[in-house]
Amino acid sequence: MRRILVVDDSDTARMFVKRCLEAIGFNEAEFLAAANGRQALECLRNGGVDLLVTDLTMPVMDGEELLRAMQESRRYLGTRIIVISSAGNMARKQELLALGALAVLAKPFAPTDLYKVLRAFIPEA
Amino acid sequence: MERAVMDSILIEVVAGVLESLAFAEVFAANRPLDFSHAEKVNSVAIEILAPFAGQLELHMRRAYLCEMAEALFTEPAAGIGREKIIDLLAELLNTMAGSFLSMVLAADVKFRLGVPREIDWRPAPPGDGAQWHFRVDDDAAASFCLCLSPDCYKTLRGL
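Residues numbered from 1 in each chain as written. Chains lettered and ligands numbered in written order. Predicted model: local features only at pLDDT ≥ 70, side-chain atom pairs only at ≥ 80, totals over all residues. Heavy atoms only, no water.

Asker: Whenever I open this one, the overall build of chain B confuses me. Can you help?
Answerer: Within chain B one finds five helices and seven strands. Tracing chain B from N to C terminus, the helices and strands come up as α-β-β-β-α-α-α-β-β-β-β-α. For chain B, the spread of C-alpha atoms along the principal axes amounts to about 45 × 30 × 25 Å. Residue pairs in contact within chain B that sit at least 24 positions apart in sequence constitute 68% of those at least 6 positions apart. Surface accessibility of chain B: about 7300 Å² in total, with carbon and sulfur atoms responsible for 52%. (Helix = DSSP H or I, 4+ residues; strand = E, 2+ residues; numbered from the N terminus. Contact = heavy atoms within 4.5 Å. Areas by Shrake-Rupley, 256 points an atom, 1.4 Å probe, with all protein chains shown as cover.)

Asker: Is there a simple way to explain the pattern of salt bridges in this structure?
Answerer: Working definition: two side chains of opposite charge can pair if their charged atoms are close together. All names here are of chain A. Applying the stated criterion across every chain yields a total of ten salt bridges over all chains. Here Arg3 ties to Glu30 by a salt bridge, and the two come within 3.1 Å at their closest N and O atoms. Of this pair, Arg3 sits in strand β1 (residues 3–7) while Glu30 sits in strand β2 (residues 30–34), placing them 27 residues apart in sequence. When its relative accessible area of 24% is taken as the criterion, Arg3 is described as partly exposed. The partner of Asp55 in a salt bridge is Lys107, and the shortest N-O contact between them spans 4.0 Å. Of this pair, Asp55 sits in the loop between β3 (51–54) and α3 (63–73) while Lys107 sits in the loop between β5 (103–106) and α5 (111–121), and the two are 52 residues apart along the sequence. Note on accessibility: Asp55 and Lys107 belong to one class, buried. (Salt bridge = Lys/Arg side-chain N within 4 Å of Asp/Glu carboxyl O. Buried < 20%, exposed > 50% of the residue type's maximum accessible area, 1.4 Å probe, protein only.)

Asker: In this structure, what is going on with the side chain of Ser10(A)? I would like to understand it.
Answerer: Positionally, Ser10(A) belongs in the loop between β1 and α1 (11–23). By relative accessible area, which is 4% here, Ser10(A) ends up buried. Reaching out from Ser10(A), the side chain makes a polar contact with the backbone nitrogen of Ala13(A) at a distance of 3.0 Å. In this view, Ser10(A) contacts Asp87(B) and Glu91(B); residues no more than four positions away in its chain are not counted. (Polar contact = N/O pair within 3.5 Å; in protein donor to acceptor, adjacent residues only side chain to side chain.)

Asker: Would you explain the environment of Ser86(A) in this entry?
Answerer: Mapped onto the elements, Ser86(A) comes out in the loop between β4 (80–85) and α4 (90–98). Residue classification places Ser86(A) among the buried residues on the basis of a relative accessible area of 3%. Discounting chain neighbours no more than four positions away, the residues touching Ser86(A) are Lys107(A), Asn94(B), Thr95(B), Gly98(B), Ser99(B), Ser102(B), Phe111(B) and Leu113(B).

Asker: Would you take a moment to explain the interface of chain A and chain B for this structure?
Answerer: Size of an interface: often given as the accessible area lost when the parts come together. Chain A puts 21 residues into the contact, and the matching count from chain B is 25 residues. Around 1900 Å² of area is buried between chain A and chain B when both sides are counted, 57% of it from carbon and sulfur atoms. Where chain A touches chain B, the interface holds two salt bridges. Salt-bridge contacts for Lys107(A) lead to Glu91(B); the nearest nitrogen and oxygen are separated by 2.6 Å. Between chain A and chain B we count eight residue pairs in polar contact (both at pLDDT 80 or more) in total. Of all the secondary-structure elements, those providing two or more residues to the side of chain A that touches chain B are α1 and α4 of chain A. A total of six residues in the side of chain A that touches chain B trace back to one element, the largest contributor, which is α1(A). Taken together, the residues of the side of chain A that touches chain B sort by class into nine nonpolar, six polar and six charged. (Buried area = accessible area lost by both parts, 1.4 Å probe. Nonpolar A, V, L, I, M, F, W, Y, C, P; charged D, E, K, R; others polar.)

Asker: Would you take a moment to explain the state of the cysteines for this structure?
Answerer: Linking two cysteines covalently via their sulfur atoms produces the bond known as a disulfide. This structure, assessed with the given rule, holds zero disulfides over all chains. Summary of cysteine pairing: Cys145(B) is not part of a disulfide, and the nearest cysteine sulfur, belonging to Cys147(B), is at 3.7 Å. (Disulfide = S-S within 2.5 Å.)

See below:
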């Protein structure tokens, strides 16, 4: 897991996700940041993103639109996606999983919650 | 939903968010947040877009907000910048709002939130809205206050 793209319009949220990932052993990964889905797609086009961690509610292009765009293009089939959102209710979770997310994690979460998700869905992480 | 039930859910939500993001212990405050000096308070709001309309507001003493920002960003508040400090407050509210709605709505009900934005402090929500005041750690005075708009409060009371 060398390149991790964190997508959130909040600096605080991106910083928190990065700190959590570093705390669970990803301290040697390269972190990329995007403030919305459109910026994330630009990063993805450059290639090499192993894991994408995205929020849902963002201006310009939200997380669900990003997942749809990724699913439609089929260029990013190898990119593992984790959705982290405050709007993490179960009804929305099923739709997000159908759009290609491996897991949906509701805020607030602790580093150990993220660790469990990554271990469960990305064993080699 | 009875007010006491809503109170206990909100306290659980707020305590969980502050513990997770800022490692702070939160309690319900006996004394309300002192808003006599509006310049010492920062405020953000988030709209509930579905399944009903409403708004949540978070008002926090700037001194405590800066303290939290310093701990989170590991640099002095003066160097962090106002935008990032408001972003922290907005992220707190965003997380509280999502967590709160997840707990009060049935699991199959979808909800949608707007993007949090900074607002000016208002002394009290108009009409029949509700406020909850919280203190952090051993502080005697309230450090922050969460408000539900009247339409949102009415809807939740009717659930």
